[in-house]
Amino acid sequence: MKILIAYYSNFGNTFELASAVKRGILAAGDFEVTISKISPKKENNLDPNQFDLVFLGGPVVFELNSQVRDFGLRLSPGKKVAVFSVGLSKVGFESLKKFESALVSKGINCIETIFIKKNVFQKGFSEISISRIEGFGEKIVSRLMNISTKRDKEKSKIKGYK
Ligand SMILES: Cc1cc2nc3c(=O)[nH]c(=O)nc-3n(C[C@H](O)[C@H](O)[C@H](O)COP(=O)(O)O)c2cc1C
């Protein structure tokens, strides 16, 4: 399975999340992962349709970054995408949900979205946020490949756990 993590970042926060998604994917298995920053020049960008699964990430600055939205909407109907975003407010979350609807109405298979809240004055992310985003990468890939995650394996060790 060929996986692309395409992101845009102004200050490096979304890049930090993209790196965490990659760690999560690699925890699930030895997958071929390409990580690429989306360029404002459309012709410099990879073709997202060449990949089996695309993780798409972007910050919210009033709205989810438009380059990220344009890139995602280049996907053909039926293509699989999972979207992660970072912002400080409910407005950011709503913008992500609006983008999810736009993908779905084009017939793109938007598997899951995740919004990480971050205060602009806070440097970096909390351990909880990083582990959520790593878990996001691991969970999506594991589910698609029908393999159990580390967390599932831990749970199955608990006697009687269903
Ligand atoms: C000028 C400006 C406007 C912003 N507007 C919003 C907003 O409307 N909603 C929101 O959730 N976050 C907003 N943010 C917060 C950014 O999404 C946040 O700083 C994010 O971490 C930036 O990611 P990046 O480092 O990858 O560029 C804004 C940040 C800036 C600097």
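Residues numbered from 1 in each chain as written. Predicted model: local features only at pLDDT ≥ 70, side-chain atom pairs only at ≥ 80, totals over all residues.

Undergrad: Looking at this structure, I do not really get the pairing of strand 1 (residues 2–7). What am I missing?
TA: The side chains of a regular strand alternate between the sheet's two faces. Buried residues dominate strand 1, accounting for 5 of its 6 residues. Of the strand pairs in this sheet, strand 1 and strand 2 (residues 32–37) are connected by 6 bridges, and their pairing is parallel. Across the sheet, Lys2 pairs through a bridge with Glu32, a residue of strand 2. Two elements, strand 1 and strand 3 (residues 53–61), share 5 bridges in a ladder whose sense is parallel. Paired with Leu4 across the strands is Val54, a residue of strand 3. (Buried ≥ 20, exposed ≤ 12 C-beta atoms within 10 Å, placed from the backbone. Helix = DSSP H or I, 4+ residues; strand = E, 2+ residues; numbered from the N terminus. Pairing = 2+ DSSP bridges.)

Undergrad: Hey, could you run me through the site of the ligand in this one?
TA: Every one of the 18 residues lining the ligand counts as a neighbour, but Phe11, Asn13, Pro59, Gly87 and Gly92 are closest to it. For the shell around the ligand, the secondary structure elements donating two or more residues are helix 1 (13–28), strand 3, strand 5 (80–87) and helix 3 (90–105). A per-element tally of the shell around the ligand places strand 3 first, with 3 residues. For the shell around the ligand, a count of residues per class yields 9 nonpolar, 8 polar and 1 charged. (Near = placed C-beta within 6 Å. Nonpolar A, V, L, I, M, F, W, Y, C, P; charged D, E, K, R; others polar.)

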